Amino acid sequence: MSFKDLVEPECGGANPLMNLGRVVRRDVAFQDEGLAGGRSSFAGGDRELVNEFMGQIAPAPQSFRMDVLLKEMREIDAQNFHRQQQIVPGPAVIDTVASGGTAWVEQFHSEAAQARAESKLSSVWSQSHLTPIQGAVNVGPNNILYTKDFFDVHDPTSMEPEGTSIRQAAGEMLAEGYAARTLNNERMNQSEFIRFMSNVRAGNIRIHGGQVSSSVWENRFDELEASSSKGKEEQLQQKPTEADVQQLQKEKDEEEQRVDDDWAKAFEADKREQDEASDNYNKQFWERLQDEWRTLSESEGQHPWLSEFSDYYDPYKEYKFDEENPMQDIENAFAKGKAFLAQGDIPSAVLCFEAAVKHDPENPEIWELLGFSQAENEKDPNAIAALNKALSFNPNNAPVLMALAVSYTNESMQNQALRMLVRWMKCNGKYEALVPPEMVQVQESPLASSLMGGPNLQQVQELFIKAVQQSPNEIDADIQEALGVLFNLSSEYDKAVDCFQAAVQVRPDSSKAWNRLGASLANGNRSVEAVEAYQRALSIQPGFIRARYNVGIICINLKAYKEAAEHLLTALNHQATSIARSGLNVSSPANQMSTTIWTTLRMVLSLMNRQDLQPAIDNRDLETLNREFSITNE
Amino acid sequence: MKVCVVGAGVVGLTTALELQRELRNANVTVLADRFEQDTCSDVAAGLFRPSSSFSGPTEEITRKWISDAYSYWDELRKTEHSARAGVCQLSGYIFSSRDPAIVRNYYIEKVVPLYRAATEQELGLCPGEWKYGSFFTTILTECRRFQPWAADRFLENGGQIVTESLESLRELQGRYDVVVNCTGLAAKRLCNDQKLVPIRGQIIKVRAPWVKTFFYADFDTYIIPGFEGVSLGGCRNYDSYNTDVSPHDSSAIRERCEALLPSLRGSQVIRESVGLRPHRDPVRVELELLPTANGNLRVVHNYGHGGYGVTTAPGTAKYATQLVKDALKSNSKL
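Within an unreviewed UniProt entry, the label attached to chain B reads AGAP005323-PB-like protein, and the organism entered is Anopheles sinensis. Per UniProt, chain B has the following entry under Sequence similarities (unreviewed entry): "Belongs to the DAMOX/DASOX family." Recorded in UniProt for chain B, the comment headed Cofactor (unreviewed entry) runs: "FAD".

By the naming in an unreviewed UniProt entry, chain A goes by Peroxisomal targeting signal 1 receptor and is assigned to Anopheles sinensis.

Structure follows, in structure tokens:
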């Protein structure tokens, strides 16, 4: 719709309001692609309506009568509404199909059929748009003008008479100005005022009760304009317009329009809410994302693809205390912790040990026990950090080395696990002779070993097998366990099972050994036997979080997702309530819980298609989840 | 730890790169039987413009995919690699003579740096009675450049590319710990997923270097300038498996685009291509434990992006990678 067309008084020229007529009449079902297609459908389908409509409208732009026009539109629209209900594909296709034979295949490929197919798919496409269009078009001509003002989100209250009148006034003003040649000046054309008036005419900016209201979009547009030097001019120019507005406010006031207003108001209110909501949402999202990116770019000094050698990669160097440990002031925390361990209450023991170690950070014994306990608490990262600290005091601590090997295996850090196993062997008086010197040398100088790499899985296996063969008559439980860990690394689960079975023969009261047997069975897909092993472990140590977690994993493998969630939640609850059991103020139970368990729980919920519980997981909202799965805390 | 990404289109490659970034200890392999110019991604013009019809499992997740994807492309665009990777900034118009809703975009209005209404004058830029229009700035990814570049990055990071055809994903049990299924339309056969529907599209790539902005007209017509040529499109044939270039679509596209931008008349054709967009509602990005003879194979699906693969690939890749991490963490613990 160009400025020139509207304003130059051509006889019988296209009246911009006629465009509105076209909008009404276009049969959406026959929507074709692009300009050419659109025109033809328009011409073909609605010829008679076009003629009727055209005939009744006076050609000269100045003399059109609004009420007649509106009436026409309403009538046409009513007809059109009914037509729109029938979305019928062209008869040609049906005929050709009915006639049968292979002829229809060729015809299917012909242009006519193509067009139909395309209109069908456009109708699929337009399904999403059909509702808004129908909704808007349905309720009479007022909303045609209304949909045209699509950027306008505010204030549909004084819609029609004012809206059109003001626009008419704007149009007339511009027309006069043009006629009087006052606006012919190039610079005047570009002025804020002209642009403002043309926007008013187009309906993008509405003047209601002397106030200029514009949509969210237009606000932005206006801001951009206002920031230019001519902003002030616009303010001044508003005054004359207001006077006109008051004048025109006394125009006709049709009752029907008020009804439509209400409907439109409601529709608009909804739309506005939705828009605002999604605006806010988007804004928040975008800001949150930007913050994330900023912190990420600040913290990551290096390019993410340049990384440390994977051999020596250790993300768990520093021990991260769960903040706000409420037991910090307890004197005999260490003793208390040991007591809890004896009881089988792992989470409480961990709390005690953390407190103890804060008091006495140079005590390797506490670090050691802390490490062991955290592993059983299903917190391998913490365990690794604690054990490494213990190792720093005594590099040849065999149990610590073994525990580290196990934790590294769980975290799939194969190289580190192998290194620990080799060191373990070296510390062990019985077998240290077996360890070839090259393997040990590799350990000492990590920087030089880029050529050598870490110890080879195969080599370490051979080493351990040799160790077993050294004493064929007795079962060395430690060696068996180490070998079991090795076989887990190499995915030879049946062999691992054999090793652990030997180990539990020697140590039937070791819940750890039973758990390892269970895990190896589970990894080898022997789920039923695994459950039995875990049950043994839990009967020995009821607070064995890791064993309970493993039971959850078995349930997942067996597709018993609900039971899996229940087991995982039981474990989490046990951890969360550990503070209470220790008899102290609960600060933040969230920190006592294991990330691994939460991660697996998230996986279970998505396997159950419960994406609605995702926020509960993100917020570690144990209460909600307990309710969902009917878990009570004894 | 061994992860296999099946499929080497834009979704497969971005997922593979993201896996390498997030899983330091893992060996990532890309396994596919079609690469680069044989993929559907190659036909795409590559403009970042997800349609309002694009949907994931929930609205929140869908919006996160779109924001993440935009961030990825934007970051890449700002680096020195952007040209080699085929990523650049591009602005343009959507015009409609029918419906104001067409020119608005539910998802990206607050994501891209600029999205505004077209002015009266702009509506007159192209011949035709345009009533509604918008102008926005977004990002273009030229797959002809991106796919080889991404594959090179992937190999540099220690990844492996294997050429293999699969009859079933179960064949990968025992070879890999987790499989990520980015096979697009082939997932229909591999997973027996009947919800996957091909939407056939055809484009003409012409040499018209004077076109500097994109134009969309009532959605089925578009003109998108890329790195090597301008993509003229298009069509959307629902449930069509026809991979031949149709001369009728071709002349229809030509006509519509030339009506929109008459300067295109007589421009030289570089090539014409057809692609079958792998459409699914909702897009499937989720974990599945596939039962096999030797236990469950962990499969993370990432397919069904339809016509918005290039647009949303990095966002869904990030989400899929998180699912892979969760699955890998969830092991029996010794």
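Scanning chain B from terminus to terminus reveals 8 helices and 14 strands. Burial statistics for chain B: of 334 residues in total, 64% are counted as buried. The long-range share in chain B, meaning contacts at least 24 apart out of those at least 6 apart in sequence, stands at 76%. Surface exposure of chain B reaches about 11600 Å², of which carbon and sulfur atoms provide 48%.

A few words on the nonpolar core. Counting residues in each nonpolar core, the largest one holds 95 residues, and the members touching the most others are Leu 601 and Leu 625 of chain A together with Ile 108 and Ile 224 of chain B. Broken down by element, the residue count for this core peaks at 8 residues, all from helix 29 (residues 561-576) of chain A. Residue contacts for Ile 224 of chain B: discarding those within four places in its chain leaves Ala 45, Leu 47, Leu 90, Leu 140, Phe 214, Tyr 216, Gly 229, Val 230 and Ser 231 of chain B.

This brings us to the UniProt feature "binding site: FAD" (unreviewed entry) in chain B. Residues and elements named next belong to chain B. Under the UniProt annotation, the feature "binding site: FAD" (unreviewed entry) is placed at Asp 33, Arg 34, Ala 45, Gly 46, Leu 47, Thr 183, Gly 306, Gly 307, Tyr 308, Gly 309, Val 310 and Thr 311. Take Leu 47: it is sitting in the loop between strand 2 (27-32) and helix 2 (59-78). Taking relative accessible area as the criterion, Leu 47 reaches 7% and is therefore assigned buried. Sequence-distant contacts of Leu 47, that is, excluding residues within four places in its chain, are made with Leu 90, Thr 138, Ile 139, Leu 140, Phe 214, Tyr 216, Ile 224 and Thr 311. Inspection of the secondary structure assignment puts Thr 183 in the loop between strand 7 (178-181) and helix 6 (187-190). Classification of Thr 183 as buried rests on a relative accessible area of 17%. For Thr 183, the contacting residues outside a window of four places in its chain are Val 6 and Leu 190.

Within the structure shown, the criterion is met by 35 salt bridges over all chains. Put simply, Asp 380 of chain A and Arg 546 of chain A hold a salt bridge, and the shortest N to O gap is 2.7 Å. A residue pair is termed long-range when its members are at least 10 positions apart, and Asp 380 of chain A in helix 19 (residues 380-393) and Arg 546 of chain A in helix 28 (residues 545-557) qualify at 166 residues. Judged by relative accessible area, Asp 380 of chain A falls into the buried class, the value being 0%. Arg 546 of chain A gets classed as buried once you look at its relative accessible area, which sits at 3%. The partner of Arg 153 of chain B in a salt bridge is Glu 156 of chain B, and the shortest N-O contact between them spans 2.7 Å. Of this pair, Arg 153 of chain B and Glu 156 of chain B are both found in helix 5 (residues 143-156), 3 residues apart, which corresponds to roughly one turn of the helix. Ionic contacts of the salt-bridge type, sharing partners, join the residues Asp 478, Glu 481, Arg 507 and Arg 516 of chain A into one network.

In this section: the packing of helix 1 (residues 10-22) of chain B against helix 5 of chain B. All names here are of chain B. Running from N to C, helix 1 and helix 5 cross one another at 25°; their axes reach a closest spacing of 10 Å. With respect to helix 5, the axis of helix 1 lies roughly parallel. Judged by the twist between their axes, the crossing of helix 1 over helix 5 is left-handed. Taking contact as the criterion, the partners of Val 10, Leu 13, Thr 14, Ala 16, Leu 17 and Gln 20 in helix 1 are, on helix 5, Phe 146, Gln 147, Ala 150, Ala 151, Arg 153 and Phe 154. Broken down by class, the residue content of the contact of helix 1 with helix 5 amounts to 8 nonpolar, 3 polar and 1 charged.

Taken as a whole, chain B shows an average pLDDT of 94; of its residues, 100% reach a score of 70 or greater. Interface scoring of the predicted complex returns ipTM 0.84; its pTM is 0.65.

Residue and element names in this part refer to chain B. Listed under "binding site: D-dopa" (unreviewed entry) in the UniProt record, and renumbered for this structure, are Tyr 222, Arg 277 and Gly 307. Tracing the chain through its elements places Arg 277 in strand 13 (residues 268-292). Filtering out sequence-adjacent residues up to four positions away, Arg 277 remains in contact with Cys 40, Val 197, Pro 198, Ile 199, Arg 200, Gly 201, Tyr 222, Cys 235, Arg 236, Gly 306 and Gly 307. Locating Gly 307 in the fold gives a position in the loop between strand 14 (295-305) and helix 8 (309-329).

On to the UniProt feature "repeat: TPR" (unreviewed entry) in chain A, then. Residues and elements named next belong to chain A. The positions UniProt marks with the feature "repeat: TPR" (unreviewed entry) are residues 330-363, 364-397, 477-510 and 511-544. For residues 364-397, helix accounts for 79% and strand for 0%, while the C-alpha atoms at its two ends are 10 Å apart. Across residues 511-544, the secondary structure splits into 79% helix and 0% strand, with the terminal C-alpha atoms separated by 8 Å.

Quick look at unusual backbone geometry now. Trans peptide bonds make up most of the peptide bonds, and negative phi angles are found at most residues other than glycine. The omega angle of the peptide bond from Gly 233 of chain B to Gly 234 of chain B is -5°, so this bond is cis rather than trans. Along the chain, Gly 234 of chain B falls in the loop between strand 11 (230-233) and strand 12 (237-238). Omega for the peptide link from Asp 281 of chain B to Pro 282 of chain B comes to 0°, which places this bond in the cis form. In this structure, Pro 282 of chain B sits in strand 13. With phi around 55°, Arg 620 of chain A is a residue other than glycine that occupies positive phi space. Turning to its location among the elements, Arg 620 of chain A is positioned in the loop between helix 32 (614-618) and helix 33 (622-628).

Attention now goes to helix 8 of chain B. All names here are of chain B. Relative to the 30 Å expected for 21 residues at 1.5 Å per residue, helix 8 spans 28 Å between its end C-alpha atoms, a close match to the ideal helical length. A maximum bend of about 30° is found in helix 8 at Gly 315. Within helix 8, 16 of the 21 residues are buried, leaving the element largely enclosed by the surrounding structure.

Cut-off values and rules
Residues numbered from 1 in each chain as written. Chains lettered and ligands numbered in written order. Predicted model: local features only at pLDDT ≥ 70, side-chain atom pairs only at ≥ 80, totals over all residues. Heavy atoms only, no water. UniProt positions renumbered as here; feature names shortened; annotations may be inferred. Helix = DSSP H or I, 4+ residues; strand = E, 2+ residues; numbered from the N terminus. Buried < 20%, exposed > 50% of the residue type's maximum accessible area, 1.4 Å probe, protein only. Contact = heavy atoms within 4.5 Å. Areas by Shrake-Rupley, 256 points an atom, 1.4 Å probe, with all protein chains shown as cover. Core = buried A, V, L, I, M, F, W, Y, C linked by side-chain atoms within 4.5 Å. Salt bridge = Lys/Arg side-chain N within 4 Å of Asp/Glu carboxyl O. Axes fitted to C-alpha atoms, helices over the stretch in contact; angles between N-to-C directions. Parallel < 35°, antiparallel > 145°, perpendicular 65-115°, else oblique. Left-handed = near helix turned anticlockwise from the far one by under 90°. Nonpolar A, V, L, I, M, F, W, Y, C, P; charged D, E, K, R; others polar. pLDDT = per-residue confidence, 0-100. Expected span 1.5 Å × (residues − 1). Bend = angle between axes of the 7 residues up to and from the residue.

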